[in-house]
Amino acid sequence: MARGKPEFLDELAERAEADLKTVDRHRVAFKLNAIVAVTRHTAEKVADIIRVAPQTIWRWAKAYKEEGLGGLQPKPKRPKPSKLTKEQKGQALKWLDEAKTPDGRHAHWTLEKLRQAFIDEFNVELGTTTIWTWLRKEGRKLKVPRPKHYKADVVAQEEFKKKLPRSRKTTRMP
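Just so you know, these numbers come straight off a predicted model, no measurement behind them.

**A closer look at the overall build of the chain**
Then step 1. For the chain, the count of helices and strands is nine helices and zero strands.
Then step 2. Across the chain, helices and strands are ordered from the amino to the carboxyl terminus as α-α-α-α-α-α-α-α-α.
Then step 3. Taken over 174 residues, the chain has a buried fraction of 28%.
Then step 4. A sequence separation of at least 24 residues applies to 49% of the contacts in the chain between residues at least 6 apart.
Then step 5. As displayed, the chain has an accessible area near 13800 Å², and 53% of this comes from carbon and sulfur atoms.

**Notes on the packing of aromatic side chains**
Then step 1. A full pass over the atoms with the stated rule returns six aromatic pairs.
Then step 2. Each ring, one from Trp95 and one from Trp109, has its centre 5.9 Å from the other, and the planes form 15°; the classification is stacked. Of the two residues, Trp95 sits in helix 5 (residues 86–98) while Trp109 sits in the loop between helix 5 and helix 6 (111–122), which places them 14 residues apart along the sequence.
Then step 3. For the pair Trp95 and Phe118, a centre-to-centre distance of 6.3 Å together with 35° between the ring planes defines the contact as tilted. Taken as a pair, Trp95 in helix 5 and Phe118 in helix 6 lie far apart in primary sequence, 23 residues in all.
Then step 4. Taken together, the ring pairs connect Trp95, Trp109, Phe118, Phe122 and Trp134 into an aromatic cluster.
Then step 5. Just above the ring of Tyr64 sits the side chain of Arg15; from NZ or CZ to the centre is 4.6 Å.

**Focus on unusual backbone geometry**
Negative phi values dominate among residues other than glycine, just as trans dominates among peptide bonds.
Then step 1. With phi around 60°, Arg51 is a residue other than glycine that occupies positive phi space.
Then step 2. Residue class for Arg51 comes out exposed when judged on its relative accessible area of 77%.
Then step 3. In this structure, Ala99 is a non-glycine residue whose phi angle is positive, near 55°.
Then step 4. The topology assignment puts Ala99 in the loop between helix 5 and helix 6.

**What about the nonpolar core?**
Then step 1. In terms of nonpolar packing, the biggest core is built from 20 residues, with Leu32, Ile35, Val38, Tyr64 and Leu72 touching the most fellow members.
Then step 2. Of all the elements in the fold, those that place two or more residues in this core are helix 1 (8–20), helix 2 (26–37), helix 3 (43–50) and helix 4 (54–67).
Then step 3. Ranked by the residues each element gives to this core, the list is headed by helix 2, at six residues.
Then step 4. Core analysis: the second largest hydrophobic core is formed by 16 residues, Trp95, Ala117, Val124 and Ile131 among them.

**Structural notes on the packing of helix 2 against helix 4**
Axes are the key here: two packed helices are described by the angle between their axes and the distance separating the axes.
Then step 1. Contact geometry of helix 2 with helix 4 gives a least axis separation of 10 Å together with a crossing angle of 100°. With respect to helix 4, the axis of helix 2 lies roughly perpendicular. The residues of helix 4 that touch helix 2, namely those facing Phe30, Lys31, Leu32, Ala34 and Ile35, are Ile57, Trp60, Ala61 and Tyr64.
Then step 2. Residues of the contact of helix 2 with helix 4, tallied by class, amount to eight nonpolar, no polar and one charged.

**Focus: the environment of Asn33**
Then step 1. Its place among the elements puts Asn33 in helix 2.
Then step 2. According to the relative accessible area criterion, Asn33 is partly exposed, its value standing at 43%.

**Thoughts on the side chain of Arg115**
Then step 1. Within the element layout of this structure, Arg115 appears in helix 6.
Then step 2. You can call Arg115 buried: its relative accessible area is 18%.
Then step 3. A polar contact of 3.0 Å, which involves the side chain of Arg115, links it to the side chain of Glu112.
Then step 4. Setting aside its immediate chain neighbours within four residues, Arg115 contacts Glu125, Leu126, Thr128 and Ile131.

**Structural notes on helix 4**
Then step 1. For helix 4, spanning 14 residues, the distance from its first C-alpha to its last is 20 Å, which sits close to the expected 20 Å at 1.5 Å a residue.
Then step 2. All buried positions along helix 4 are accounted for by Thr56, Ile57, Trp58, Trp60, Ala61, Ala63 and Tyr64.
Then step 3. Backbone geometry just after helix 4 places Gly68 at a positive phi near 70°.

So, how was this worked out
Residues numbered from 1 in each chain as written. Predicted model: local features only at pLDDT ≥ 70, side-chain atom pairs only at ≥ 80, totals over all residues. Heavy atoms only, no water. Helix = DSSP H or I, 4+ residues; strand = E, 2+ residues; numbered from the N terminus. Buried < 20%, exposed > 50% of the residue type's maximum accessible area, 1.4 Å probe, protein only. Contact = heavy atoms within 4.5 Å. Areas by Shrake-Rupley, 256 points an atom, 1.4 Å probe, with all protein chains shown as cover. Phe/Tyr/Trp six-rings, centres within 6.5 Å; stacked < 30°, edge-to-face > 60°. Lys NZ or Arg CZ within 6 Å of the ring centre and 35° of its normal. Core = buried A, V, L, I, M, F, W, Y, C linked by side-chain atoms within 4.5 Å. Axes fitted to C-alpha atoms, helices over the stretch in contact; angles between N-to-C directions. Parallel < 35°, antiparallel > 145°, perpendicular 65-115°, else oblique. Nonpolar A, V, L, I, M, F, W, Y, C, P; charged D, E, K, R; others polar. Polar contact = N/O pair within 3.5 Å; in protein donor to acceptor, adjacent residues only side chain to side chain. Expected span 1.5 Å × (residues − 1).

Given below as C-alpha cells:
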C-alpha cells in the first residue's frame, strides 16, 4: 500500500516549480520535476517511471526542504589520499630510473614486480592499475624489452648490423 502524502509536499511542489524556472542544471531540474510529480502521482509510480527507488525521491524532497536548491546539487567528492608518501614515491621512481631493485640488483620492472616491491619495502599494498595510473601521472612508462624469437640467428643479425650504413647503426629503432 502506498504511503500517504505529507502536507508539506504541496507547498514544496510550488516552490520546486518556481525554482525549476531558474535552474539550468539538468540533474537538479530532474530532481525538482520528480518532487513536483509526486504531488500528482504516487511516489512509487514516479519512481518506476524515472527508474529510481521511491525512497530516493523522498530523500530528494527532504534535502530540498532543508537546504533548498543546494540540497539537490551534487556533492563534491574528494580523492582518496595516497598510501605512499612523497619520499616512497621518489624512491620508487629512482628504482625505475636506475633499473635497480631496492637492494641494488639490476631489474626489469613490471607492474607486478613493482607491486611486490612496495609490499616488501614499504608494507603498502597497491593494485597494478593504481601503480600504472600513478606512473602515467608522473609521465613514466615501464620499459618493455623487444621480444627475441627463440629461432633467431644472433650471428646473422650481428652481420646484418655491420652491413648497415653508418647513419643507421647509430639510430635506435623503436
